[in-house]
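# Coordinates in review
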Amino acid sequence: MTDNGHAATDGAPRRDFLMLVTGAFAAVGVGAIAWPFIASLQPAKDTLALASTDVELAPIAEGQAITVMWRGKPVFVRNRTAKEIQEARAVPTNSLPDPATDQSRVQKDQWLILVGICTHLGCVPTGQRATDARGDYGGWFCPCHGSHYDTSGRIRKGPAPRNLDVPQYAFTSDTKIRIG
Amino acid sequence: MSIGLHNSEFKNPVVRWIDQRMPVFTMMQKEYGTFPTPKNFNYFWNFGALAMVTLMIMIATGIFLSMHYAAHTSLAFDSVERIMRDVNFGWLIRYIHMNGASMFFIVVYIHIFRGMYYGSYKAPRELLWMLGVVIFLLMMATAFMGYVLPWGQMSFWGATVITNLFSAFPVVGNFIVELLWGGFSVDNPTLNRFFSLHYLLPFVIFGVVFLHVAALHITGSNNPLGIEPKGPQDTLPFHPYYTAKDSVGLVVYFIVFAVLVFFAPNYLGHPDNYIPANPLVTPPHIVPEWYFLPYYAILRAVPDKLGGVLLMFGSILVWFVLPWLDRSPVRSMRFRPLARIFFLLWTVCFLVLLWVGAKPAEGTYVLIARIATAYYFAYFLVILPMLAKFERPLPLPESISRAVLGGGPLPMGAAAKPMEKA
Ligand code: HEM
Ligand code: FES
């Protein structure tokens with residue numbers, strides 16, 4: 001600009017460059033300051049540390065199910081009957097909204113371990129007790145917006161997009177599992 | 001007057017001394033004293049002032065509640081019960097705060113309805129309108145997080161369902177949900193951050209209200225005729241005329257508010273929220289607070305998760321572009337024989353959605369919700385843009401004072417010309 005004594009012709013590109021460099025530094029600076037604040041909102045170390053839960057399977061009779069808490073969420077542990085297993089395996093997988101074989105969802109046929117949280121918007125489906133509504137497919141039913149899950153915890157009908165999640169778990173002995 | 005001082009017209013020496021150095025008194029006098037205001041307001045124009053008063057009530061009661069409230073999952077429910085039973089007048093402060101949220105939404109819904117019916121969103125008030133939509137979104141966030149604080153069953157499951165809405169977004173969805181939760185489910189970190197934000201957001205709202213009013217005082221108010229004042233004969237000074245009219249409305253408002261607080265404090269609430277939160281059992285019938293029901297109905301009307309979430313957010317975001325969807329030059333629907341009918345139908349649809357949102361999502365309810373949702377969007381995206389082309393408005397009055405003091409409308413040809421500039 002002429003009013004502050006600089007020649008407009010050769011000063012302009014240099015000024016543009018300086019503006020860009022300043023802007024880039026400012027952007028990096030803002031990012032560097034924002035980072036710790038956003039990270040502080042993510043799960044803290046003690047939250048992450050509550051990561052595993054042991055479950056004793058022996059007391060769960062065939063046809064029964066229990067609910068345990070893992071990372072603040074309910075986990076369903078169901079001792080399936082032969083009929084339930086057979087129903088889960090009889091359906092052709094390609095007819096399912098979220099295709100998966102029953103075999104891929106269990107480690108031992110009779111034990112079905114699931115995160116008990118509807119994949120729609122996070123309610124806890126009913127079906128753990130024999131008296132609960134279990135939906136049209138004998139597994140679980142989510143009362144919030146009407147999702148039906150089968151005896152493999154797969155979504156069959158309703159707004160939920162995915163099957164109930166299978167958490168990471170391992171058999172630590174024949175009658176014990178560790179979730180997480 | 002010495003150089004550098006404001007030329008104050010106030011006579012009181014203390015007021016004058018301050019005003020010369022910081023002319024807040026001059027500003028208040030200009031914006032709320034002599035401010036020229038159309039002389040034909042009806043009672044719909046009270047609701048902005050009512051909303052302002054309600055915001056102050058919410059902040060005042062909220063600050064006092066915070067002095068007794070404990071934001072921890074193991075203490076929150078009991079601390080609210082302690083407020084209700086042991087803290088002196090705690091029940092009153094909480095009931096005012098709880099019902100104040102409902103009153104706030106009633107007032108703001110009527111305020112928005114007023115804006116839509118009288119075309120207050122049209123040029124030159126587009127930015128004013130958009131700031132209003134921002135306030136509404138912030139209010140929704142604030143009320144949602146406030147409802148989580150007492151940590152009852154509805155608090156917990158409402159928080160779970162609403163935060164899970166964000167998981168519908170591809171790629172970033174789960175990241176956002178974890179940021180909201182600070183863990184793997186709604187839990188203590190969630191409660192803590194919601195309390196922090198619930199305290200903060202009302203003050204952000206206050207800031208945006210300030211901008212909203214600042215924009216209003218540039219364009220001036222709209223009025224039931226939707227035509228601009230043409231001069232002093234069309235306006236009145238805000239004080240004492242509208243301070244008085246607003247006070248009348250305020251008294252009636254306080255009566256309604258008091259009836260709710262003293263005689264039916266839990267009428268608008270849900271009894272399940274007096275059961276402590278239990279992360280293992282979802283109540284069989286979860287419903288959001290009444291003021292969220294229309295959007296909840298839209299969410300459930302769509303069988304697809306992401307689609308439902310998008311339509312739900314879209315149902316409010318579409319308000320932002322309303323000034324550009326409705327291109328008719330006539331503001332007030334008094335002079336729009338067709339738009340008026342379509343808009344009243346839209347209002348009915350909104351109320352139908354509010355009603356159906358509380359019903360189970362099955363059978364005919366779903367069908368009703370779908371029809372109402374379709375009309376909700378059709379009104380904005382199809383009907384309004386078309387009406388601007390095909391509707392023939394009624395003749396506009398020549399001026400506010402002529403319409404108020406009698407005198408016929410102008411002949412057809414003169415009125416059909418595009419909106420006059422003040
Ligand atoms: C825009 C204004 C506000 C709205 C719409 C709002 C809304 C709400 C709602 C709906 C509740 C739940 C009431 C219940 O069911 O018990 C609540 C609770 C609460 N709010 Fe607010 N609030 C606002 C401003 C504030 C402010 C400014 C503060 C603090 C300074 C505050 C502090 C609290 C506290 C401590 C609670 C928990 C106690 C209780 O549940 O009664 N609020 N708020
Ligand atoms: S949360 Fe289960 S169906 Fe919506």
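All chains use their own residue numbering, which begins from 1 and follows the written sequence. Chains carry letters and ligands carry numbers; both start at the beginning, A for chains and 1 for ligands, and go up in the order they are written. Where totals are concerned, whole chains, interfaces and linings use all residues; where local detail is concerned, this predicted model gives features only for residues with pLDDT of at least 70, and gives and counts side-chain atom pairs only at 80 or more. Side-chain metrics rest on all non-hydrogen atoms present in the structure, leaving aside hydrogens and water.

### Some points on the sheet that holds strand β5 (residues 138–142) of chain A
Residue and element names in this part refer to chain A. One open sheet accounts for 3 strands, arranged β5-β6-β7; its pairing is antiparallel. Looking at the sheet topology across the chains shown, the edges are occupied by β5 and β7 (155–157). Sheet twist, expressed as the average angle between the axes of neighbouring strands with direction ignored, equals 35°. By definition, two strands form a pair when at least two bridges between them are found by DSSP. Elements are defined by DSSP. Helices are runs of H or I of four residues or more, strands are runs of E of two residues or more, and each kind is numbered from the N terminus. Of the strand pairs in this sheet, strand β6 (residues 147–150) and β7 are connected by 2 bridges, and their pairing is antiparallel. Simply put, an axis is a line fit to the C-alpha atoms, just over the touching stretch for a helix, and the angle between two N-to-C directions goes from 0 to 180 degrees.

### So, the nonpolar core
Counting residues in hydrophobic clusters, the biggest one holds 123 residues, and the most contacted among them are Phe105(B), Met116(B), Phe136(B), Tyr295(B), Trp319(B), Trp346(B) and Phe380(B). When residues of this core are assigned to their parent elements, the largest contribution, 14 residues, is made by helix α6 (residues 126–148) of chain B. Note that domain bounds follow an automatic or database assignment of domains. Shared between two domains, this core takes at least three residues from each, and those domains are domain 1 (41–224 + 236–282) and domain 2 (287–391) of chain B. To form a nonpolar core, buried Ala, Val, Leu, Ile, Met, Phe, Trp, Tyr and Cys residues must be joined to one another through side-chain atoms within 4.5 Å. The cut-offs for exposure are 20% and 50% of the maximum accessible area for each residue type, with area from a 1.4 Å probe on protein chains only; residues under the lower value are buried, those over the upper are exposed, and the others partly exposed. Listed in part, the 13 residues of the second largest apolar core include Leu57(A), Val68(A), Trp70(A) and Val77(A).

### With respect to the domain arrangement of chain B
All names here are of chain B. When the domains of chain B are assigned, the result is domain 1 (41–224 + 236–282) and domain 2 (287–391). On a C-alpha basis, the centres of domain 1 and domain 2 stand 22 Å from each other. Facing the 42 residues of domain 1 at the interface are 36 residues of domain 2. A quick way to say it: buried area is the sum, across both parts, of accessible area lost when two parts are put together, with a 1.4 Å probe. Summed over both sides, the interface of domain 1 with domain 2 buries roughly 3,500 Å², with 74% coming from carbon and sulfur. It is Met116, Tyr117 and Lys122 in domain 1 that bury the most area against domain 2; as a group they hold 19% of the surface buried on that side. It only takes one pair of heavy atoms within 4.5 Å for two residues to be counted as in contact.

### Side note on the site of ligand 1
All names here are of chain B. Nearness of a residue to a molecule or strand requires only that one of the residue's heavy atoms be within 4 Å of it. The environment of ligand 1 is formed by 25 residues, the closest being Arg94, His97, Gly146, His198 and Tyr199. Polar contacts, as used here, are pairs of N or O atoms within 3.5 Å; protein pairs need one atom able to donate a hydrogen and one able to accept it. Residues neighboring in sequence count only if both atoms are side-chain atoms. Here histidine 97 contributes a side-chain N or O atom positioned 2.8 Å from a nitrogen atom of ligand 1. Sorting the residues of the shell around ligand 1 by element identifies α3 (47–66), α5 (90–117), α6 and α9 (188–219) as the ones contributing at least two each. Element by element, the count of residues in the shell around ligand 1 is highest for α3, at 7 residues. Only Asp, Glu, Lys and Arg are considered charged, only Ala, Val, Leu, Ile, Met, Phe, Trp, Tyr, Cys and Pro nonpolar, and every remaining residue, Gly among them, polar. Grouping the constituent residues of the shell around ligand 1 by class yields 18 nonpolar, 6 polar and 1 charged.

### Quick word on the packing of α6(B) against α9(B)
Residues and elements named next belong to chain B. Where α6 contacts α9, the axes come no closer than 8 Å and their chain directions differ by 160°. Here α6 is positioned roughly antiparallel relative to α9, judged by the angle of their axes. Of the two elements, α6 crosses α9, and the hand of that crossing is left-handed. Looking at the contact of α6 with α9 residue by residue, the class counts come to 22 nonpolar, 6 polar and no charged. For this classification, under 35 degrees means roughly parallel, over 145 means roughly antiparallel, 65 to 115 means roughly perpendicular, and everything else is oblique. Crossing chirality is assigned from the near helix's rotation relative to the far helix, an anticlockwise turn below a right angle marking it left-handed and a clockwise turn marking it right-handed.

### So, the pairing of β6(A)
All names here are of chain A. The side-chain alternation of β6 yields two buried faces, one formed by Ser147 and Tyr149 and the other by His148 and Asp150. Taken together, β5 and the strand that follows it, β6, pair antiparallel across an intervening segment of 4 residues, in which glycine 146 is found at a positive phi of about 75°. As consecutive antiparallel partners, β6 and β7 are separated by 4 residues, and within that stretch glycine 153 has a phi angle of approximately 75°, a positive value.

### Quick word on the interface of chain A and chain B
Quoted interface sizes are often the accessible area lost when the parts come together. With 25 residues of chain A in contact, the opposing surface of chain B contributes 24 residues. Summed over both partners, the interface of chain A with chain B buries about 2,100 Å², with 67% contributed by carbon and sulfur atoms. Salt bridge, as applied in this entry: a Lys or Arg side-chain nitrogen positioned within 4 Å of an Asp or Glu carboxyl oxygen. Viewed at the interface, chain B and chain A are joined by 0 salt bridges. The interface formed by chain A and chain B contains 8 residue pairs in polar contact (both at pLDDT 80 or more). Of all elements in the fold, only α1 (8–41), α2 (45–49), β2 (65–70) and β3 (73–79) of chain A reach the threshold of two or more residues within the side of chain A that touches chain B. For the side of chain A that touches chain B, the element with the highest residue contribution is α1(A), accounting for 3 residues. Here the residues of the side of chain A that touches chain B sort into 14 nonpolar, 9 polar and 2 charged.

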